[in-house]
Amino acid sequence: FGPKPLAGKHVLVTSGPTHEPIDPVRYIANRSSGAQGTALARALIAAGARVTFVTGPADVAPPSGADVVAVQTAQQMHDAVHAALPADAAVFAAAVADWRVSSASDRKLKKSKDGLPVLEFAENPDILAGVAQMTDTRPALVVGFAAETDDVEAHATAKRARKGCDWIVANDVSPETGIMGGSENAVILITEDGAETWPRMSKQDVATRLAERIGNRLV
Ligand code: C5P
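Residues numbered from 1 in each chain as written. Predicted model: local features only at pLDDT ≥ 70, side-chain atom pairs only at ≥ 80, totals over all residues.

Named according to an unreviewed UniProt entry, the chain is Coenzyme A biosynthesis bifunctional protein CoaBC originating from Tateyamaria omphalii.

Structure below.
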């Protein structure tokens, strides 16, 4: 593993949660901190890559040295990803909301004696699957993440096939693991060659190992 194995390569990374508005002051979100995606972007930059970092509203600061595109919603993340292509590799670490509120109000919802608000939802685009299934400018390596709470390897293997990506980085986000929002991760890397269980380590060490693997793959 040389000092700058990713020199001259453009890598796109999505990270963090998305916020889906309900009205101008309220939104639906999730517990993603952005820690793993940020650590990965940092490791890719250290390995010499030019990194476009498309991030939702995360708890951690974006990595210095990345081209940072800050977004709120899944639709904005989708548009920013497509604007940043082409890339040699794309890694989708963001926890994208599956649904947006299609009945979002442009005025603050008020309490009413007439009853409770009812939210209607629409499905968000699957950004990873869309890029993995591109025909002309598909990145040479497309990597997804899978946050699972049970049967991690089986679900992640099925997800790899369904989305059409090259690799899936799967982890167990059951609350007792402390992984979501924590500083450590325990991952299973699913590739075309099968499943590799990595020992529990810091998110920074997971990032370094992943960047190394991406470097080996892109040479
Ligand atoms: O289907 P699921 O949400 O579990 O898939 C997780 C993977 O798909 C992650 O890599 C995530 O970043 C990506 N994803 C996406 N767009 C969505 C939903 C998930 O890019 N709308």
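Additional details are given in the paragraphs that follow.
This part takes up the pairing of strand S13 (residues 194-197). As judged from the four bridges shared by strand S12 (residues 187-191) and S13, these two strands associate in the antiparallel manner. Directly across from Leu189, in S13, lies its bridge partner Glu196. (Pairing = 2+ DSSP bridges. Helix = DSSP H or I, 4+ residues; strand = E, 2+ residues; numbered from the N terminus.)

The next thing to look at is the pairing of strand S1 (residues 10-15). Burial analysis of S1 places five of its six residues in the buried class, the great majority of the element. Taken together, the six bridges between S1 and strand S4 (residues 50-55) define a ladder with parallel strand orientation. In the strand pairing of S4, Ser15 is matched with Thr55. Two strands pair when backbone bridges link them, and S1 and strand S6 (residues 89-92) are joined in this way by four bridges, in the parallel orientation. Looking at S6, one finds that Thr14 is bridged to Phe92. (Buried ≥ 20, exposed ≤ 12 C-beta atoms within 10 Å, placed from the backbone.)

Attention now goes to the site of the ligand. Neighbouring the ligand are 13 residues; Phe92, Val96, Ile127, Leu128 and Gly144 lie closest to it. Broken down by secondary-structure element, the contributors of at least two residues to the shell around the ligand are helix H3 (127-132) and strand S9 (141-148). Tallied by class, residues from the shell around the ligand come to nine nonpolar, three polar and one charged. (Near = placed C-beta within 6 Å. Nonpolar A, V, L, I, M, F, W, Y, C, P; charged D, E, K, R; others polar.)

Time to look at the UniProt feature "binding site: CTP" (unreviewed entry) in the chain. Sites flagged by UniProt as "binding site: CTP" (unreviewed entry) map to Asp98, Lys108, Pro125, Asp126, Ile127, Leu128, Phe145, Lys159 and Lys163. The largest pairwise C-alpha distance within this set of annotated residues, which runs over 66 residues, is 37.9 Å, so the set is dispersed in three dimensions. Tracing the backbone shows Pro125 in the loop between strand S8 (121-123) and H3. Looking at Pro125, the number of C-beta atoms within 10 Å reads 16, which means it is partly exposed. Beyond its immediate chain neighbours, meaning those up to four positions away, Pro125 contacts Ala74, His78 and Gly130. Checked against the element boundaries, Phe145 lands in strand S9. In this structure, Phe145 is in contact with Phe92, Ala93 and Val169, ignoring residues within four places of it in sequence. (UniProt positions renumbered as here; feature names shortened; annotations may be inferred. Contact = placed C-beta atoms within 7 Å.)

The strand order S5-S4-S1-S6-S9-S10-S12-S13 describes an open sheet built from eight strands, whose pairing is mixed. On the outer flanks of this sheet lie strand S5 (67-70) and S13, each paired with one strand and no other. Each strand of the sheet is rotated relative to its neighbour by a mean of 15°, with strand direction disregarded. Strand contacts of helix H2 (residues 74-84): S1, S4 and S5, with the helix running at about 165° to S4, the strand carrying the most contacts. Against the sheet, helix H5 (residues 203-218) touches S6, S9, strand S10 (167-172) and S12, its axis set at about 150° to S9. (Axes fitted to C-alpha atoms, helices over the stretch in contact; angles between N-to-C directions.)

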